[in-house]
Amino acid sequence: MRYNCKKSDELKDIASIAGLIYNIQRYSLHDGPGIRTLIFLKGCPLNCLWCANPESQRPAIEHMGNDVVGKYVTAKEVIDIAKRDMAFYNRSGGGITLSGGEPLKQYEFSKAVISEAKRLNINVAVETSGYQKWDCLWEVLEETDIVLYDIKTMDAKQHMEFTGVSNKLILDNAKRLSRLNKNLIVRIPIIPELNDSFVNLSKTARFCKETGIKEMHFLPYHQLGVHKYQRLNREYKLNHVKPVNKEKLIDDAGKIHDKYGVVITVY
Ligand code: SF4
């Protein structure tokens, strides 16, 4: 991971800044308000056991079965695609969402896309694990309207075990972003028997309350991405995990909301 972030005035023309993406999805109703264009960047510093998009993890073009995954595009090419749907954004309150993979990893490219989107008055959301050195993270998120911020577990040891990295930087960055009044929504992928305990969910809500974060999303685990592991010749380690008990999760969310006052949406 590179740690020297270039400041905005040093950035090159958006036609000369390229990033590695693996998909652009138009007309999406997920990952931010209204109708959105989702840009999926390739490369992630985490390696979550449950990752539903394993083809997003490696920062390189690769094969998944017969398909080639990943291509380099310039920030201008991304913006040109996004601009086609301006009328939908304006009518629905939508915009673009940078997702991944991890948009903070390709911070120069993400920054260029976001700066141009903001110049055109397009709403921008970023989905992130928050795992990046502060200077690089802030380069990307300073102009971002909505930060969809994943916190997988509050337990340091389990975080390392489930994702391969420590949660310290992630939690520290969340606090700093909140102090700067960023619109932060904390999202938890709910994985049965790994991080779905009432204790972990309550600890996360308490962290949100103490840091001034007002909204959380619970995203129940699914196995929609499992077939991709076979096509990538990788092992999927969570075959034994059962579906989320949605009724219990909604019940837990209600109790946690009553105690900590954080608004919780269960998907
Ligand atoms: S942070 Fe997201 S993209 Fe990265 S490994 Fe975890 S689930 Fe996959």
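What you see is a predicted model, and the numbers here were worked out from it, not measured in a lab. (Residues numbered from 1 in each chain as written. Predicted model: local features only at pLDDT ≥ 70, side-chain atom pairs only at ≥ 80, totals over all residues. Heavy atoms only, no water.)

*Asks:* Could you clarify how one ought to interpret the overall build of the protein in this entry?
*Replies:* Helix and strand counts for the protein stand at nine helices and 11 strands. Its C-alpha atoms give the protein a radius of gyration of 18 Å, within 12% of the compact-globule value 18 Å for 267 residues. With the C-alpha coordinates of the protein rotated into their principal frame, the extents come out at 50 × 45 × 40 Å. Here the protein, with 267 residues, has 51% of them falling under the buried criterion. Summarising the internal contacts of the protein: among those between residues at least 6 apart in sequence, 71% fall at separations of at least 24. For the protein, the exposed area adds up to about 12,900 Å²; of that, 50% sits on carbon and sulfur atoms. Computing the positive centroid from 39 side-chain charges and the negative centroid from 32, the protein places the two 1 Å apart. (Helix = DSSP H or I, 4+ residues; strand = E, 2+ residues; numbered from the N terminus. Rg over C-alpha atoms; globule rule 2.2 N^0.38 Å. Buried < 20%, exposed > 50% of the residue type's maximum accessible area, 1.4 Å probe, protein only. Contact = heavy atoms within 4.5 Å. Areas by Shrake-Rupley, 256 points an atom, 1.4 Å probe, with all protein chains shown as cover. Lys, Arg positive; Asp, Glu negative; His and termini not counted. Charge placed at Lys NZ, Arg CZ, Asp CG, Glu CD.)

*Asks:* Would you explain the pairing of strand β10 (residues 215–220) in this entry?
*Replies:* Relative to β10, strand β9 (residues 184–190) runs parallel, the two sharing six bridges. If you follow Ile188 over to β10, its bridge partner there is Phe218. (Pairing = 2+ DSSP bridges.)

*Asks:* Looking at this model, I keep getting lost on the layout of surface pockets. Mind explaining?
*Replies:* In this approach a probe as big as a water molecule rolls over the atoms, and the regions it shows empty are the leftover space. Within this model, the largest pocket holds a volume of roughly 1,400 Å³. As for the largest pocket, its lining consists of 46 residues, of which Asp31, Asn53, Glu127, Arg187 and Leu219 are closest to the centre. Mapped onto the lining of the largest pocket, the elements with two or more residues apiece are β1 (18–28), β2 (36–41), β7 (123–128), β8 (146–150), β9 and β10. Element by element, the count of residues in the lining of the largest pocket is highest for β9, at four residues. Counted by class, the lining of the largest pocket contains 22 nonpolar, 16 polar and eight charged residues. (1 Å grid on protein atoms, 1.4 Å probe; cavity = no way out; pocket = protein on both sides within 12 Å on 5 of 7 lines; lining within 4 Å. Points joined across faces, edges and corners; volume = space filled by probe spheres on them. Nonpolar A, V, L, I, M, F, W, Y, C, P; charged D, E, K, R; others polar.)

*Asks:* It is not clear to me how the site of the ligand should be interpreted in this structure. Could you clarify?
*Replies:* The immediate surroundings of the ligand are formed by Cys44, Leu46, Cys48, Cys51, Ser56, Gln57, Gly101 and Lys152. If you map the ligand onto the pockets, it falls in the largest pocket. A breakdown of the residues in the shell around the ligand according to their chemical character gives four nonpolar, three polar and one charged. (Near = heavy atom within 4 Å. Sits in = over half its atoms within 2 Å of the grid points.)

*Asks:* Just checking my understanding: could you explain unusual backbone geometry for this structure?
*Replies:* If a residue is not glycine, its phi is most likely negative; likewise, a peptide bond is most likely trans. Note that the residue after Gly100, namely Gly101, is joined by a cis bond; omega there is 0°. Within the secondary structure, Gly101 is located in the loop between β6 (95–99) and α3 (107–119). Backbone geometry places Asn233, a non-glycine residue, at a positive phi of 60°. Classification of Asn233 as exposed rests on a relative accessible area of 74%.

*Asks:* Help me understand the packing of α3 against helix α4 (residues 134–141), please; the structure alone is not making it clear to me.
*Replies:* A pair of packed helices is captured by two measures, namely the crossing angle of their axes and the spacing between those axes. At a minimum axis distance of 8 Å, the contact between α3 and α4 shows a crossing angle of 25°. Judged by the inter-axis angle, α3 sits roughly parallel to α4. Considering the relative orientation of α3 and α4, their crossing is left-handed. Of α4, the residues touching α3 (which contributes Tyr107, Ser110, Lys111 and Ile114) are Cys136, Glu139 and Val140. Residues belonging to the contact of α3 with α4 are distributed by class as follows: four nonpolar, one polar and two charged. (Axes fitted to C-alpha atoms, helices over the stretch in contact; angles between N-to-C directions. Parallel < 35°, antiparallel > 145°, perpendicular 65-115°, else oblique. Left-handed = near helix turned anticlockwise from the far one by under 90°.)

*Asks:* Just checking my understanding: could you explain the side chain of Thr163 for this structure?
*Replies:* Position of Thr163 relative to the elements: it lies in helix α5 (residues 156–163). Residue classification places Thr163 among the buried positions, given a relative accessible area of 1%. A polar contact of 3.2 Å, which involves the side chain of Thr163, links it to the backbone nitrogen of Val165. Among all residues touching Thr163, those that are not within four sequence positions of it are Leu46, Asn47, Cys48, Trp50 and Lys152. (Polar contact = N/O pair within 3.5 Å; in protein donor to acceptor, adjacent residues only side chain to side chain.)

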